[in-house]
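# Understanding the architecture of this molecule
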Amino acid sequence: ESLGELTQLQLLQLQSNRITKMPNIPQLDENNYYKSTFVTDCGVPSAFDEALECEHCTMCCNANEDCYPQEDTRIAEHLGLSYSTFAVLFISCFIALCCIVALSLYLFSKRKNQ
């Protein structure tokens, strides 16, 4: 019997056990145990070469045995962007703004010298 066939499963905590591949597990109801409903070693830094992928986990623990809830960041909630995408967008806008200011100052100084 696989874990996916356990229809009454309410709590599953698999952290600190070196599972390298997640079994097929349906999304569990978070009402009874909230963020501790489904816990695995999917955090970073990972004890593995690659971090464990866990789509339905409610909490991920890392190699330092620190556990964090799987929640969308504020940026992801409001803009639908990951931190890396937001950082690239922010830096690009900053560089564009600097170029506009530099061009404006150059044109202003050139006009002033005429």
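Keep in mind the model is a prediction, meaning the values are calculated, not measured. All residue numbers here refer to positions counted from 1 along the written sequence of the relevant chain. This being a predicted model, a pLDDT of at least 70 is required before a residue's local features are given, and a value of 80 or more before pairs of side-chain atoms are given or counted; all residues contribute to the totals for chains, interfaces and linings. Excluding hydrogens and water, the side-chain values take into account all heavy atoms of the structure.

## A look at the overall build of the protein chain
From N to C terminus, the protein chain includes 2 helices and 4 strands. Written out in order from the N terminus, the α and β elements of the protein chain read β-β-β-β-α-α. Classification of the 114 residues of the protein chain by burial places 19% in the buried group. Note on contacts: a residue pair is in contact if any heavy atoms of the two residues lie within 4.5 Å. Residue pairs in contact within the protein chain that sit at least 24 positions apart in sequence constitute 29% of those at least 6 positions apart. Accessible surface, the protein chain as shown: approximately 9100 Å² in total, 54% of it carbon and sulfur. The helix count covers DSSP runs of H or I at least four residues long, the strand count covers runs of E at least two residues long, and both are numbered beginning at the N terminus. Each residue's exposure class comes from its accessible area (1.4 Å probe, protein chains only) as a fraction of the maximum for that residue type: buried when under 20%, exposed when over 50%, partly exposed otherwise. To measure how exposed things are, a 1.4 Å probe is used in the Shrake-Rupley method; for residues, cover is taken only from the protein chains shown.

## Remarks on the state of the cysteines
Count a disulfide wherever a pair of cysteine sulfur atoms falls within 2.5 Å. All told, the structure shown has 1 disulfide when counted by the stated rule. The disulfide bridge from Cys-61 ends at Cys-67, spanning 1.9 Å between sulfur atoms. Residues Cys-61 and Cys-67 are joined by a disulfide whose S-S torsion is about 100°; by sign, that bridge is right-handed. Cysteine Cys-98 is unpaired, with the sulfur of Cys-99 as its nearest cysteine sulfur at 7.0 Å. What makes Cys-98 partly exposed here is its relative accessible area of 38%.

## What to know about the packing of aromatic side chains
Any two of the Phe, Tyr and Trp rings considered here, Trp counted by its six-membered ring, make a pair once their centres fall within 6.5 Å; the pair's planes then place it as stacked at under 30 degrees, edge-to-face at over 60, or tilted in between. By the definition in use, this model includes 1 aromatic pair. Pairing Phe-86 with Phe-90 gives two aromatic rings, centres 6.2 Å apart and planes at 25°, and the pair type is stacked. In this pair, Phe-86 and Phe-90 are both assigned in helix 2 (residues 83-112), 4 residues apart and thus about one turn of the helix distant.

## Overview of the confidence of the model for the protein chain
One number per residue, pLDDT, summarises how confident the predictor is, and it ranges from 0 to 100. Per-residue pLDDT for the protein chain averages 76, and the proportion of residues at 70 or more is 65%. Per-element mean pLDDT across the protein chain ranges from 64 in strand 1 (residues 12-13) up to 92 in helix 2.

## Quick word on a nonpolar patch on the surface
Exposure above 30% relative accessible area and no salt bridge define the residues that can form patches, which grow by joining like charges within 9 Å and nonpolar side chains of Val, Leu, Ile, Met, Phe, Trp and Tyr within 5 Å. When a carboxyl oxygen of Asp or Glu lies within 4 Å of a side-chain nitrogen of Lys or Arg, that pair is called a salt bridge. On the surface, a cluster of nonpolar side chains totalling about 620 Å² of accessible area is made up of Leu-79, Phe-86, Phe-90, Ile-91, Phe-94 and Ile-95. If you tally residues by element for the nonpolar patch, the top one is helix 2, at 5 residues. A residue is classified by how much of its surface remains accessible, and Ile-95, at 47% relative accessible area, is partly exposed.

## Comments concerning the side chain of Asn-62
Its place among the elements puts Asn-62 in the loop between strand 3 (59-61) and strand 4 (67-69). Residue Asn-62 is classed as buried on the basis of its relative accessible area of 8%. Polar contact criterion, stated in full: a pair of N or O atoms within 3.5 Å, where within protein one must be able to donate a hydrogen and the other to accept it, and residues adjacent in sequence count only if both atoms are side-chain atoms. Polar contacts involving the side chain of Asn-62 include one to the main-chain amide nitrogen of Asn-64, which spans 2.9 Å. Residue contacts for Asn-62: discarding those within four places in its chain leaves Gly-43, Val-44, Pro-45 and Tyr-68.

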